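Chains, contacts and geometry: an overview
Here is what each chain is made of, one letter per residue.
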Amino acid sequence: MKDKSERYKKFLERLHFKYRLVIMDHETLEEKFSIQLSRFNVFVIGATSSVVIVLLTTLIIAYTPLREYIPGYATVDVQRKIYELRTKSDSLEKVFQQNNLYIYNMKRILDGKEMVEIMPNDSVIKEEIAQSDSLTEIADGSATSSDSLFRKEVESQMKYFGTVKRTSDQAPPGAIQQKSDPLKNVFFTSPVRGFVSNVYNSAIQHNGIDIVAAPGQPIHAVLDGTVIFAGWTVKTGYTIAIQHRNNIISVYKHNASLAKSEGNIVRAGDPIAIIGNTGSQTTGIHLHFELWQNGVSVDPKKYISF
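Residues numbered from 1 in each chain as written. Predicted model: local features only at pLDDT ≥ 70, side-chain atom pairs only at ≥ 80, totals over all residues. Heavy atoms only, no water.

So, the pattern of salt bridges
For clarity, the cut-off: Definition used for salt bridges: Asp or Glu carboxyl oxygen within 4 Å of a side-chain nitrogen of Lys or Arg. Helix and strand definitions here come from DSSP, where helices need a minimum of 4 consecutive H or I residues and strands a minimum of 2 consecutive E residues; each element is numbered from the N-terminal end.
Counting across every chain of the model gives four salt bridges. For the salt bridge of R20 with E31, the shortest nitrogen-to-oxygen distance reads 2.8 Å. Of this pair, R20 sits in strand β1 (residues 19–24) while E31 is found in strand β2 (residues 31–37), placing the two residues 11 residues apart along the sequence. The closest approach of N and O atoms between K32 and E30, which form a salt bridge, is 3.6 Å.

Shown next as structure tokens:
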């Protein structure tokens, strides 16, 4: 213990031992400046200087434009733009989810299933894909001469980006207003003239009617609307679906060719396809026509004369 205390005293003595720092003229050896220092004084001065330098640097970075060059700092304008971009990103994500749900429900309608209100998880979608060929095998078909003929009648096109601009359909004069069935107030154009060979029967998932007509007959839109699907599926062949006002969707299946594309605006009575016999679920030349409202299929014969 005595040795330790003696060593400690010697350390303190050396720490406070005075040294003289002299600045002299090199040629005349004249003393210009001198100061007495100790190890302790040097340590205190060095520590104090370091703290002062750190504080000054922090103040300069925090309260001068130099902070813009430091990673992690940004001006008020940049922060506002970042906030706006985050807000827009959140809004776009919601729109993207809604569009995915809309497309998913359209595929369910084309496959004869009811719509859902919430997008299912990936495992459910994969299971549905494994059970349905119409969700996986979609491809563009080559245009025929009849298809080219009808495409000449296409009006100015407007590409469909998600939100459908719905047109208004007026009920015919003198129509009886029935609140129990809003479709009774809508005037539908017949998609094709012919005879019904197979009626609507939701119990066996036949969510539309089959109309037989002569080969080469044009298929017409039943209402004003926007084409939301136009393509090929394994089960239904060339298929076209149109979105109308009041959340009404009309679907036309087994066509020989299509005269409209996704995003086209159509009017009631416009030719949209040619009657055909395409797809694995067809047994002859006919039109399978479906009418949906609010995601539920309805019997077209209740509202349209064929």
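Considering the confidence of the model for the chain
Condition: Confidence per residue, as judged by the predictor, is encoded in pLDDT with a range of 0 to 100. By definition, residues are in contact when any of their heavy atoms lie within 4.5 Å.
When the pLDDT values of the chain are averaged, the result is 79; 76% of them are 70 or greater. Segment residues 153–171: pLDDT under 50, and 42 contacts once partners within four positions in sequence are set aside and those in other chains are kept. Per-residue pLDDT stays below 50 along residues 173–178; that stretch engages in four contacts with residues further than four places along the chain or on separate chains.

Overview of a nonpolar patch on the surface
This is how the line gets drawn: Only residues above 30% relative accessible area that lack a salt bridge enter a patch, with like-charged residues linked at up to 9 Å and the nonpolar side chains Val, Leu, Ile, Met, Phe, Trp and Tyr linked at up to 5 Å. Under the convention used here, a 1.4 Å probe and the Shrake-Rupley method define accessible areas, while residue burial counts only the protein chains that appear. Exposure categories follow from relative accessible area, calculated using a 1.4 Å probe and restricted to protein chains: below 20% of the type maximum is buried, above 50% is exposed, and the middle band is partly exposed.
Together, V52, L56, L59, I60, Y63, L66 and Y69 make up a nonpolar patch on the protein surface, roughly 800 Å² of accessible area in all. The topology assignment puts V52 in helix α2 (residues 39–63). On the accessibility criterion, V52 (41% relative accessible area) is partly exposed.

Focus: the nonpolar core
Going by this rule: Among buried residues, those of type Ala, Val, Leu, Ile, Met, Phe, Trp, Tyr and Cys that are joined through side-chain atoms within 4.5 Å constitute a nonpolar core.
In this structure, F188, I219, Y252, I272, L287 and F289 are the most contacted members of the largest nonpolar core, which totals 30 residues. At the level of elements, β4 (208–212), β6 (225–233), β7 (237–244), β8 (248–255), β11 (271–274) and β12 (287–293) are the ones that each hand at least two residues to this core. Beyond its immediate stretch of four places on either side in the chain, I272 contacts I219, H220, A221, I240, I242, Y252, L258, A259, K260 and V266. Formed by eight residues, the second largest nonpolar core is a distinct cluster that contains I109, I249, V251 and W292.

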